Each structure stands twice: as structure tokens, then as C-alpha cells.
Amino acid sequence: PPVDIMTPRFYADWWSQIFEWAPHLDLIAPQDSMGAQGNSFANVSSFLGELAAGSRRMNRRVFSNVELFEVWPRDCQWTPEKGICKGRHPAPFARVKQQMANEAALVDELIAWEWHSCLSPYGTTNASAQLYQQYRAYVGR
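Residues numbered from 1 in each chain as written. Predicted model: local features only at pLDDT ≥ 70, side-chain atom pairs only at ≥ 80, totals over all residues. Heavy atoms only, no water.

Engineer: Looking at this structure, how should I read the environment of Pro8?
Structural biologist: Structurally, the position occupied by Pro8 is in helix α1 (residues 8–21). Of the residues examined, Pro8 reaches a relative accessible area of 23% and is grouped as partly exposed. Counting along the chain gives 40 residues from Pro8 to Leu48, while the straight-line C-alpha distance between them is 7.9 Å. (Helix = DSSP H or I, 4+ residues; strand = E, 2+ residues; numbered from the N terminus. Buried < 20%, exposed > 50% of the residue type's maximum accessible area, 1.4 Å probe, protein only.)

Below you can see the structure in the form of C-alpha cells.
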């Protein structure tokens, strides 16, 4: 129910309280949850923007973990009965590029977990190596 969902501001205030209780916790790196949870760009901007502002008020850094994958097969939909979709596949580079632009404006650093199935020249699929080459060309290396 909507009453049980944290608002972006409540989320930031919650983390501010954690920072107060844990003074040596110097940064957080939340996942953007666009890979499997289906967050929208607007949702990520709202929550991450509030979280970054709250982190800075507490003199902490904030990173964003850009999810490089999508659910696989693409038509898999979460349901209470089935739970989450287990398959993963490299996300289209256009989405990854848009994620990086959306999130870089809000946080101190971008990171991404790398799985051989998502962004690797030695990946388990050709799609993984292809996404790696697109990313590499984009960053100019």
C-alpha cells in the first residue's frame, strides 16, 4: 500500500539518522534498481537526489551503483506468486548511458558491479562483450 512506501525525503532522513548513529560510515552506494526492479529515471532522480542532499548535510559522500543488466527474458514480470525474474542480460547501452547521465548529476561517483554476463570483454555472452565495447568507446578509451 502507498502508506507503507518511503517517500524520497523520508528515505534521505532515514539515512541521515543512520549516519548519525554510525559516525565512521563514510559513504553509501545504493543500486539504482533499474535492472530488475524496474525503477524509472524519475524515481531514481527523486530518491537519489534526496539521498545525496541528505548525505552531504551529514558530510558523507554518496555513490550510485548503475545496474548494467535487465531481466531476462524481457517479458518476465514480477508477481507475488513467482517473485523476481532470475535471468539477467546486458542492458541496452542507450539505457546505461542515460542512467549514467541521470545519476552523475546527483552523486559524487558512479560505480557498477561487473559480472561476466553484463559488461566484460571476457563475458559469458557476445552481448556482454558488445556492451563492454560500446561503453569503452563512449568513455574514449
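Engineer: Any chance you could explain the packing of aromatic side chains here in plain terms?
Structural biologist: The relative placement of two aromatic rings is captured by the distance of their centres and the angle of their planes. With the rule as written, the count across this model stands at four aromatic pairs. Between the aromatic rings of Tyr11 and Phe47, the centroid separation amounts to 5.6 Å while the plane-to-plane angle is 70°, which identifies the pairing as edge-to-face. Here Tyr11, found in helix α1, pairs with Phe47, found in helix α2 (residues 41–57); they are 36 residues apart in sequence, far enough to count as distant. Note on Phe47: relative accessible area 22%, which makes it partly exposed. (Phe/Tyr/Trp six-rings, centres within 6.5 Å; stacked < 30°, edge-to-face > 60°.)

Engineer: What exactly am I supposed to notice about the pattern of salt bridges here?
Structural biologist: Scanning the model with the defined rule gives four salt bridges in all. Across the pair Arg9 and Glu50 runs a salt bridge, and its minimum N-O distance is 4.0 Å. Remark: Glu50 occurs in helix α2 and Arg9 occurs in helix α1; sequence separation between them is 41 residues. Arg56 is the partner of Asp108 in a salt bridge, and the nearest nitrogen-oxygen pair spans 3.3 Å. (Salt bridge = Lys/Arg side-chain N within 4 Å of Asp/Glu carboxyl O.)

Engineer: Would you take a moment to explain the packing of α2 against helix α3 (residues 93–104) for this structure?
Structural biologist: Think of two packed helices as two axes; the pair is described by the angle between the axes and how far apart they sit. At their nearest, the axes of α2 and α3 sit 10 Å apart, and the two run at 25° to each other. Considering their axes alone, α2 and α3 lie roughly parallel with respect to each other. α3 is crossed by α2, and the crossing has right-handed handedness. Packed against α2, whose contacting residues are Phe41, Val44, Ser45 and Leu48, the element α3 presents Arg95, Gln98, Gln99, Asn102 and Glu103 at the interface. Split into classes, the residues belonging to the contact of α2 with α3 amount to three nonpolar, four polar and two charged. (Axes fitted to C-alpha atoms, helices over the stretch in contact; angles between N-to-C directions. Parallel < 35°, antiparallel > 145°, perpendicular 65-115°, else oblique. Left-handed = near helix turned anticlockwise from the far one by under 90°. Contact = heavy atoms within 4.5 Å. Nonpolar A, V, L, I, M, F, W, Y, C, P; charged D, E, K, R; others polar.)

Engineer: Would you mind going over the nonpolar core with me for this structure?
Structural biologist: Side chains that are nonpolar tend, in soluble globular proteins, to be buried together. Judged by nonpolar contacts, Tyr11, Trp15, Phe19, Ile28, Met34, Val44, Leu48, Leu51, Ala52, Val62 and Val107 together constitute the single largest core of 11 residues. Elements represented by at least two residues in this core include exactly α1 and α2. It is α2 that contributes the most residues to this core, four residues altogether. Apart from residues lying up to four places away in sequence, Trp15 is in contact with Leu25, Ile28 and Leu51. Within the second largest apolar cluster, 10 residues are counted, among which are Val66, Leu68, Phe69 and Phe93. (Core = buried A, V, L, I, M, F, W, Y, C linked by side-chain atoms within 4.5 Å.)

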